[in-house]
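Results of the structural survey
Now for the letters of each chain:
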Protein chains: 2
Amino acid sequence: MRKIKLLLSYDGSGYQGWQRQPGKATIQGALEEALGKIYAQPVKTVGSGRTDAGTHALGQVAHFEAPKTLKGEERLMRALNSLLPENIVVKKAWLAPEDFHALFAARRKTYIYRIWNSPVRSALWRERALWVPQPLNLARLNEISQGLVGEHDFKSFQTTGTAVKTTIRSIEEARWKALSGEHLIEFRIRGNGFLKQMVRNLVGTLLHLERNGGGAEELKAIFDARDRQKAKTTVPAHGLYLYRVEYPPALDNKCRKL
Amino acid sequence: MRKIKLLLSYDGSGYQGWQRQPGKATIQGALEEALGKIYAQPVKTVGSGRTDAGTHALGQVAHFEAPKTLKGEERLMRALNSLLPENIVVKKAWLAPEDFHALFAARRKTYIYRIWNSPVRSALWRERALWVPQPLNLARLNEISQGLVGEHDFKSFQTTGTAVKTTIRSIEEARWKALSGEHLIEFRIRGNGFLKQMVRNLVGTLLHLERNGGGAEELKAIFDARDRQKAKTTVPAHGLYLYRVEYPPALDNKCRKL
């Protein structure tokens, strides 16, 4: 069996999220359908994690066990991209070592959340960024967000529904910046793992604190409560992008170009 | 009669272009439908010019004669944006002087053309930029494009079908740049007017010359031929954005906020 690693990007707008669900349009479902055609038999894939309905990806990672060796396997990526719908693309494909696992070997993830910050909504970013009409103070948002960096119990920011061993996660980076020339603002967060809807719950809380003059203390109180009821709104999925998934260098070094 | 000037942005993907056509989804049709609801009677609009099916706008301008004075007219823009489909937005609205005319008073237009320049197509830019897999040399493109600047007869770059008095146009700016952090490249062109599909014909020709080692001389030969057959491919509409329409300062100064 040969293990193949894929780097994927998708526009999540038309999908019920990453995970395969019978009778629903999902990214994983579309990917497995395309692989099934290429290998002429069912192929199961494993993603680095789920993404919600409407969430986009610039760097989702998945793997699968190739049921047979293909002639001209280096063309696998091209074959996949011609079979996949236009809103899903395979950016890279590698032959991965046997011990690679897209979900269990993932060490860090980076998400970005985009906001269209203008009194007037955007016709072109409507499915790619959350519209926030009130002017946002980036310096304040950055100040509050520093309270996320480090190891914390993120139980207050977890939407229940998925069993996890621990709700403790470590965040290395959480910062806001304006994107040039537009009304776009981007929040970038990098950590060793994220609970269900954690980024969307965090962004909702940060926006709430910014608007209501809250700061590091209020954020700490929400952490300490370990209670989802204390955190604020969950922002919509359409502003969220899975940006990058990182694996141990030892595994990366064993991946070979197809 | 009060003349209202509107600044519009739209995602042209789902539309048969700007111009109203019976039974077809067009930007102007959607705008007039919304205005008809607000004024409770048919309202005709005039745009700065047509945009092709699939072409986007960041700064289209239109005007209309308001058939009556509305109470709370300053809320017109908000009313329009709540009635318009999500892929069309009114960015600004003014009370314009009687002698303002969106089409006849326009003095300059700026278009941008976006290209996704990567061996792999983009899931997120698929309807917003042309995919060009071969690496483009921006320095060369900029060099060739300098030949567009100035007054020229653009007959070779005109798609026939619209009667015009003259095919001479003056171009003030024509330059390429890479957009940061992505595989996006943007061509910006500003001039006193553009013939039918002129920008798409120009971009197609510039890309052809870049790929085939042509330069200023080949471009001049195409100009001199005054023959559409000599210019190269028309690039697709989905990479094109009407970016800005400029009017004489004397008219701009007489526009008042609603």
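About the cut-offs
For every chain, the first residue of the written sequence is number 1, and numbering continues from 1 along that sequence. By the order in which they are written, chains take letters starting at A while ligands take numbers starting at 1. Only residues with pLDDT of 70 or above have their local features reported here, since the model is predicted, and side-chain atom pairs are shown and tallied only from 80 upward, although totals for entire chains, interfaces and linings are computed over all residues. Each axis is a line fitted through C-alpha atoms, taken for helices only over the stretch in contact, and angles between the N-to-C directions span 0 to 180 degrees. Here a strand is any run of E in DSSP of at least two residues, a helix any run of H or I of at least four, and the numbering for each starts at the N terminus. Geometric relationships in this document are graded by angle, where less than 35 degrees denotes roughly parallel, more than 145 denotes roughly antiparallel, 65 to 115 denotes roughly perpendicular, and other angles denote oblique. If you view the pair so one helix is near and one far, a crossing is left-handed when the near helix is turned anticlockwise from the far one by less than a right angle, and right-handed when it is turned clockwise. We call two residues in contact whenever the C-beta atoms placed from their backbones are within 7 Å. Classification convention: Asp, Glu, Lys, Arg as charged; Ala, Val, Leu, Ile, Met, Phe, Trp, Tyr, Cys, Pro as nonpolar; all other residues, Gly among them, as polar. Each helix should span, by expectation, one fewer than its residue count multiplied by 1.5 Å. Fitting of the copies onto one another was done by least squares over C-alpha atoms, counting residues only where both copies have pLDDT of at least 70. Exposure classes come from backbone-placed C-beta atoms, where a residue is buried if 20 or more other C-beta atoms lie within 10 Å of its own, exposed if 12 or fewer do, and partly exposed in between. Taken from the helix axis, the directions to the C-beta atoms give the arc we talk about. Note that the domain bounds reflect an automated or database-derived domain assignment. Confidence scores labelled pLDDT are given residue by residue by the predictor and lie between 0 and 100.

1. Here's the deal with the packing of helix α1 (residues 27-39) of chain B against helix α2 (residues 76-83) of chain B
Residue and element names in this part refer to chain B. Contact geometry for α1 and α2: axes closest at 9 Å, N-to-C directions at 125 degrees. One way to sum up the angle between α1 and α2 is to call them oblique. Here α1 runs over α2; the crossing is right-handed. Note on element contacts: α2 touches α1 through Ala79, Leu80 and Leu83, opposite Ala34, Lys37 and Ile38. Looking at the contact of α1 with α2 residue by residue, the class counts come to five nonpolar, no polar and one charged.

2. Side note on the interface of chain B and chain A
Taken residue by residue, the interface counts 16 residues in chain B and 16 residues in chain A. Only β1 (2-10) and β4 (88-96) of chain B provide two or more residues apiece to the side of chain B that touches chain A. Looking at the side of chain B that touches chain A element by element, the count peaks at three residues for β4 of chain B. Looking at the side of chain B that touches chain A, its residues break down into six nonpolar, five polar and five charged.

3. Section: helix α1 (residues 27-39) of chain A
Counted at 1.5 Å a residue, the expected span for α1 of chain A with its 13 residues is 18 Å, and the 18 Å between its end C-alpha atoms agrees. Just past α1 of chain A, the residue alanine 40 of chain A takes up positive phi, approximately 55 degrees.

4. Some thoughts on the relation of the copies chain B and chain A
When chain B is fitted to chain A, the residual RMSD is 0.0 Å, and the transformation amounts to a turn of 180 degrees plus an axial shift of 0.0 Å. In symmetry terms, the pair is related by a two-fold rotation axis. It is serine 180 of chain B whose C-alpha, among those of chain B, lies nearest the rotation axis, at 4.5 Å. Here 100% of the interface residues in chain B have copies in chain A that are interface residues too; the copies meet face to matching face.

5. A word on helix α2 (residues 76-83) of chain A
Within α2 of chain A, the full set of buried residues consists of Leu76, Met77 and Leu80 of chain A. Projected onto a plane normal to the axis of α2 of chain A, the buried residues spread over an arc of 95 degrees and lie on a single side.

6. Considerations on the domain arrangement of chain A
Residue and element names in this part refer to chain A. As assigned here, chain A comprises domain 1 (2-105) and domain 2 (110-244). Relative to domain 2, the C-alpha centre of domain 1 lies at a distance of 28 Å. Residue-level contacts link eleven residues of domain 1 with ten residues of domain 2. In terms of residue class, the side of domain 1 that touches domain 2 is made up of three nonpolar, seven polar and one charged.

7. Considering the environment of glutamine 60 of chain B
Residue and element names in this part refer to chain B. Mapped onto the elements of the fold, glutamine 60 is located in strand β3 (residues 56-66). Owing to 31 C-beta atoms within 10 Å, glutamine 60 belongs among the buried residues under this scheme. Between the alpha carbons of glutamine 60 and arginine 50 there is a distance of 9.4 Å; along the sequence they are ten residues apart. Apart from residues no more than four positions distant in its own chain, glutamine 60 is found in contact with Leu8, Gly47, Ser48, Thr51, Leu242 and Val245.

8. Observations regarding the confidence of the model for chain A
On average, residues of chain A carry a pLDDT of 94, and 100% of them reach 70 or more. The complex prediction reports pTM at 0.93, with the ipTM value standing at 0.90.

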